[in-house]
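Structure assessment
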Amino acid sequence: MGDRIDSINARWILDSRGNPTVEVEVETFEGFSGRAAVPSGASTGIYEAVELRDGGDRFHGKGVQKAIESVIEEIAPRLRGMDVTLQENLDEAMLELDGTDNKSRLGGNAILGVSVACAKAAANSEGLNLYEYINPEASLLPVPFFNVINGGKHAGNELDFQEFMVAPTGAGSFMEALRMGSEIYQSLKSMLEKRYGQNAINVGDEGGFSPPMKTPEEALDAIIRATEELGYDSDTRLALDVAASSFYNSEGYIFEGRVITRGELIEKYRELVNKYPIASLEDPLEEEDFEGFVIITSALDIQIVGDDLFVTNPKRLKKGIEMGACNSLLWKVNQIGTLTEARKAAELAMSNGYTVMASHRSGDTEDPFVADLCVGIECGQIKSGAPCRGERTAKYNQLLRIEEWLGERAQYPEGLFL
């Protein structure tokens, strides 16, 4: 029998938006420990695991005392004495204890904090880094998708699309990719300030700039100019996270101030893909429209990523695979709530020819666990915001370390597996 859990504690800390979130610490009888902080989304799918909040006046209703009590009063007594290395058993015990389909009783934030902290404690008990513990043979670093211009719910401008990203697909290593991303970001900053003034370099939730732009073409043109100035245009591709549910209602899609149909929106994407080197399109349609996702996946020969559509849920992903909706899964462990379920979702996607992009959340913390998980499942793609701000660079810097630890074994993807 492996090292057994002695104690589990939880507290609130602040996330990158200044709201409280749950941090969990697990300690074993042999003195090994693991700590995990839970991220929080802004553009959240309606099928995500429930993030338990307190309501009331404290923290404007966003307190997490109920989730902390779930950890201390219910989860900790249930898991005490269990083998910390048996991740699936631990996660299953929490699911049984919660007893709901969406983790609404104990809170997905409480359950995930414990799940990840247990994995970290287990890794420490075996003298391994988290990525090694997940997969001892792991060697593949990811292509980073840098969110350099923000719109939608992540910013205060008029851009309908939420994220405009640049990906150094032609880099020779993760270190080179991160350098390219940083240089592009700084060049873009200078260009935006010169063209639009100082307000243009205010940043959104994920560190991308929030210039006074109105159309996706303006944002894409600006990024292209920055890559060309540095001579990186042939080694970079563009990507969009549209978050279309955020501008959809019963009448249709409210795009650039007018209502348009699904067909008109798909035609807009076709025009953009024909004009720009766009490699990936995330959530181009609203989260209930499986049939629309089938149409756009067939119509565009690029990566179509399901985020709000799938919410890292194996059941919804299975439906998408059977229908032919999307060809890629956005992988956010807090959407489903346990490491075991998240890994099953990633395995289901990959075994059916879907790519997987690991992802942070807009309200994130300094905890870089998603970087280790990304390498552990060898998905080859990650998005963690702009190459600035501590909660974003924590993930990118951890990947630098992992690449160094891997040494000659380290690999960087050639292209995007499409």
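Residues numbered from 1 in each chain as written. Predicted model: local features only at pLDDT ≥ 70, side-chain atom pairs only at ≥ 80, totals over all residues. Heavy atoms only, no water.

**Some points on the overall build of the chain**
Counting its regular elements, the chain contains 13 helices and 14 strands. Relative to a compact globule of 418 residues, whose C-alpha radius of gyration would be 22 Å, the chain shows 21 Å and is just as compact. When its C-alpha atoms are laid out on the principal axes, the chain stretches across 60 × 50 × 45 Å. Sequence separation of 24 or more characterises 69% of the internal contacts of the chain that already satisfy a separation of 6 or more. Total accessible area on the chain stands at roughly 16100 Å², and carbon and sulfur atoms take up 45% of it. (Helix = DSSP H or I, 4+ residues; strand = E, 2+ residues; numbered from the N terminus. Rg over C-alpha atoms; globule rule 2.2 N^0.38 Å. Contact = heavy atoms within 4.5 Å. Areas by Shrake-Rupley, 256 points an atom, 1.4 Å probe, with all protein chains shown as cover.)

**Considerations on the sheet that holds strand β2 (residues 20–28)**
Taken in spatial order, the three strands make up an open sheet running β1-β2-β3, and their pairing is antiparallel. A single partner strand is all that each edge strand has here, and the edge strands are β1 (5–14) and β3 (33–37). Averaged over all neighbouring strand pairs, the angle between strand axes comes to 15°, with direction disregarded. Bridging between β2 and β3 involves five bridges; their strand directions are antiparallel. When the bridges of β3 are listed, V24 appears paired with A36. Across the face of the sheet, helix α1 (residues 65–79) comes into contact with β1 and β2 while running at roughly 170° to β1. (Pairing = 2+ DSSP bridges. Axes fitted to C-alpha atoms, helices over the stretch in contact; angles between N-to-C directions.)

**A closer look at unusual backbone geometry**
Positioned with a positive phi, F59 is a non-glycine residue whose angle comes to about 50°. For K103, which is not glycine, the phi dihedral falls at a positive 60°. The class of K103 is buried, set by a relative accessible area of 3%. (Buried < 20%, exposed > 50% of the residue type's maximum accessible area, 1.4 Å probe, protein only.)

**Let's talk about the layout of surface pockets**
Roughly 370 Å³ of volume is contained in the largest pocket. Along the walls of the largest pocket sit 17 residues, with D101, N102, N313, K315 and I336 positioned nearest its centre. Of all the secondary-structure elements, those providing two or more residues to the lining of the largest pocket are α9 (314–323) and α10 (333–336). If one sorts the elements of the lining of the largest pocket by residue count, α9 sits on top with three residues. Its residues assigned to classes, the lining of the largest pocket comprises seven nonpolar, four polar and six charged. Every residue along the wall of the second largest pocket is listed here: Q87, E88, A119, Y133, I134, L339, T340, R343, K344, E347 and L373. Every element with two or more residues in the lining of the second largest pocket is listed here: α2 (87–98), α4 (130–134) and α11 (339–351). (1 Å grid on protein atoms, 1.4 Å probe; cavity = no way out; pocket = protein on both sides within 12 Å on 5 of 7 lines; lining within 4 Å. Points joined across faces, edges and corners; volume = space filled by probe spheres on them. Nonpolar A, V, L, I, M, F, W, Y, C, P; charged D, E, K, R; others polar.)

**Digging into the sheet that holds strand β5 (residues 163–167)**
The strand order β4-β5-β6-β10-β11-β12-β13-β14 describes a closed barrel built from eight strands, whose pairing is mixed. Across the sheet, the mean angle from the axis of one strand to that of its neighbour is 25°, orientation sign disregarded. Inspection of the sheet shows strand β12 (residues 328–331) paired to strand β13 (residues 355–359) by four bridges, in the parallel sense. Within β13, the position partnered with L330 by the bridge is M357.

Function cannot be read off these values alone, since they describe shape.
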